[in-house]
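Residue-level structural notes
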Protein chains: 2
Amino acid sequence: MNESNVKTMDVEYAIIGAGTSGLGAYSKISRKTDSVVMIQDGPYGTTCARVGCMPSKLLITAADYAHHLVTSDFFGVTASGRVDGQRVLERLRRERDERFVANNLRYVDKIPAHHKLEGRARFIGPGHLRVGESVEVKAEKFILACGSRPAVSDVFEPVMGRVLTSDTVFELKDLPRSIAVIGMGVIALELGQALHRLGVETTIYGRSGKINALTHPDMQQQALDILGTELDIYPSGQVVNTWEDAEGAWIEFEQSNGQRVTKVFDRVLVATGRVSNVDRLGMEHTDVEFTEAGKVIFDPQTMLCSDTPIFIAGDAAEYLPVWHEAFDEGRIAADNALNYPDPVPVDRRPPLMVFFTDPQIAIIGQSFRELQDQEIIIGDLPFTSLGMWFGTRSKDAFKSTWRRELA
Amino acid sequence: MNESNVKTMDVEYAIIGAGTSGLGAYSKISRKTDSVVMIQDGPYGTTCARVGCMPSKLLITAADYAHHLVTSDFFGVTASGRVDGQRVLERLRRERDERFVANNLRYVDKIPAHHKLEGRARFIGPGHLRVGESVEVKAEKFILACGSRPAVSDVFEPVMGRVLTSDTVFELKDLPRSIAVIGMGVIALELGQALHRLGVETTIYGRSGKINALTHPDMQQQALDILGTELDIYPSGQVVNTWEDAEGAWIEFEQSNGQRVTKVFDRVLVATGRVSNVDRLGMEHTDVEFTEAGKVIFDPQTMLCSDTPIFIAGDAAEYLPVWHEAFDEGRIAADNALNYPDPVPVDRRPPLMVFFTDPQIAIIGQSFRELQDQEIIIGDLPFTSLGMWFGTRSKDAFKSTWRRELA
């Protein structure tokens, strides 16, 4: 490439990523200065709208309707029906694109052209980015809002043609006949249960034997027991081998007791977590420090990274990967960038996370794991004692019992 | 009757009524003294469990399932089915009786026999009750927890054989073919919508043109508009004439614009509110004072009536006729009776009321009516702006818009 073709922009603020946190940061900074650029790699539209909360909820609603056909008789309403996988997915994409993504694109369209840049950004020196092949950006302050991507282990390499992640599952033209769901986090359980209810033969493979987001052992066990009455779950072990043949993708899973199970599937949904895209930014050219585990060190009250003029926000930070926190972090990062070098520390919200499974699981406030070394009282309120719940749920779910953990 | 057969009990505390508030009062008082009697007229089991919140929720759940058959196709799930009215009602009664009522009866069974008395109570002098025909109770302090009954106007006298109230509707062996629902309060709208969704030809007749529980005019109109797209509602006018013939019960309704509509129905559900049973207690033999409208004067922070040793609680008080308030009032009345004549004033909860219609309607905190003369700011958050709501609801309900009223 001819270096003389490289165009250089000089700005005060560079935001890497135009997702929920990047847009949140942009909206704050652009009110104060024109000297800002937001750099997007790939199509616009946030993780939440394109591949996250929104399409998963659209799928779950269809799955609820399919499930109603099964549970309806108990209530005196005889029902029968059929899931049309193509229509389920078409409606999902239509609503996703016409509402959530379109809303987002309308907002992005209104941003002045000189504030937007498209291409992959990476640091080539402190305060100095290369974007794509032909643009360089020099900026005083940076906000890393570059999001995350699904982690896919190398063990799935032989069946990669049949591997889906949350980035690709919603693009299917029709529902598969069968699917292996790898993981027991929120994405795995929400999508696994929804696909099962939509008639896909679904097997869920965990690793640790626990739903890790629930940190209390009793709750982990209860949730697994309840979901296990409906779903085919191997909670503990690891995928040791995969191969593909005419029948599909074979998954050989070694359970923690040493027993191996081998099954064949149309598709494999890998939902074993997401990793920050920060590793693609050339961070070795900055002064940002990392933990031994390779995570960016930053202050969650300011989003400042290691006393550099670099801030991090949203899923890229791998701190609280939920929409409202990404939104907050973008704005916290922006406020602190605008005020740099004086910090503007912000008290973070009480943690809140919801699994839109059935039954739903919510984790609110500090977890048992965080509190267990302190003197705490544990309150226990079984849903089965709540009249309104009896009134509206079928008998199948009556055994649900959850704990509230009180500090 | 031979007066010499009358047995007289002397106790410190007499509780009239063994519903939610009466039992709440009893549980507090019986911990402090053995000198208490609770008098129940009719079968045990609370309004909530027998004819109120619980059976209505059980009906609404069945109605939801029937409605899913209609809305399912939008989500890509083709559904068909049939409502079996007998089974809907059998399951409702079975769950109601086996769970809610049975729970209540188990609790009542554990109460010592000498604390219970059955029969209708009425004052025959200050501090002096007659119960049924053969028992008299002399007590120092009284708690009036005698509940309420549905109000039925005389205009329905000619069709009384086809009139239902919330006390009787759940005893139907099968769903009627058609029903007139009189009223636009929570009972009328919840049951009217549920019956409609279960396939009963339903017409709702209001009076004032408004859903009065919603005090802001915009919200009243919006709620009516939304419910009116699904339900056949004459919001404003009055029933002027009724008669019965072989076809059923005829309802002649004069709308507020003067036009009359006459229709015939299998059944007429009168849900125009409830009236306190206090009028049956012989209150003229006490010093309790009444408003001009005939309501007992009492202090909601102590439930004390006009400086007498008489307290009132629950639906009998006609103050906040919802379960949790009845429960609170029973306990507030008990604490104040135990401490009489020294008052133990209690701050009441923020008001909370929910209509389990679709969409649901919640009224939380002070109403617009209470606040409108003060300087207030009105916040307005349309549900249509909330992504999660788009995700899970069919298009039919997208127009829902509610206001939050902020003090």
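A brief structural summary. (Residues numbered from 1 in each chain as written. Chains lettered and ligands numbered in written order. Predicted model: local features only at pLDDT ≥ 70, side-chain atom pairs only at ≥ 80, totals over all residues. Heavy atoms only, no water.)

**Concerning the interface of chain B and chain A**
Residue-level contacts link 39 residues of chain B with 39 residues of chain A. In total, chain B and chain A occlude about 3,400 Å² of area from one another, counting both sides; carbon and sulfur atoms represent 60% of this. The salt bridge partner of Arg87(B) is Asp73(A), with a shortest N-O separation of 3.1 Å. Scanning the region where chain B abuts chain A turns up ten residue pairs in polar contact (both at pLDDT 80 or more). Contributions of two or more residues to the side of chain B that touches chain A are made by helix H3 (53-71), strand E3 (77-83), helix H4 (85-109) and helix H9 (387-392) of chain B. (Contact = heavy atoms within 4.5 Å. Buried area = accessible area lost by both parts, 1.4 Å probe. Salt bridge = Lys/Arg side-chain N within 4 Å of Asp/Glu carboxyl O. Polar contact = N/O pair within 3.5 Å; in protein donor to acceptor, adjacent residues only side chain to side chain. Helix = DSSP H or I, 4+ residues; strand = E, 2+ residues; numbered from the N terminus.)

**Some words on the relation of the copies chain B and chain A**
Here chain B sits on chain A after a turn of 180 degrees about the axis and a move of 0.0 Å along it, with an RMSD of 0.0 Å. The symmetry that links the two subunits is that of a two-fold axis. Every residue of chain B has its C-alpha some distance from the rotation axis, and the shortest such distance is that of Ser80(B), at 2.8 Å. (Least-squares fit on C-alpha atoms with pLDDT ≥ 70 in both.)

**Considerations on the state of the cysteines**
Any covalent bond linking the sulfur atoms of two cysteines counts as a disulfide. All names here are of chain B. As enumerated under the stated definition, the model contains zero disulfides over all chains in all. Cysteine Cys305 is unpaired, with the sulfur of Cys146 as its nearest cysteine sulfur at 10 Å. Accessibility expressed as a relative area gives 0% for Cys305, which makes it buried. (Disulfide = S-S within 2.5 Å. Buried < 20%, exposed > 50% of the residue type's maximum accessible area, 1.4 Å probe, protein only.)

**With respect to the packing of aromatic side chains**
All names here are of chain A. One pass over the structure, following the stated rule, counts 22 aromatic pairs over all chains. Geometrically, the ring pair formed by Tyr205 and Tyr234 is stacked, given 5.6 Å between the ring centres and 10 degrees between the ring planes. Note that Tyr205 is positioned in strand E11 (residues 201-205) and Tyr234 in strand E12 (residues 232-234), a separation of 29 residues in sequence. As far as the burial class goes, Tyr205 and Tyr234 line up, both buried. One aromatic cluster in this structure is built from Tyr205, Tyr234, Phe253 and Phe265. (Phe/Tyr/Trp six-rings, centres within 6.5 Å; stacked < 30°, edge-to-face > 60°.)

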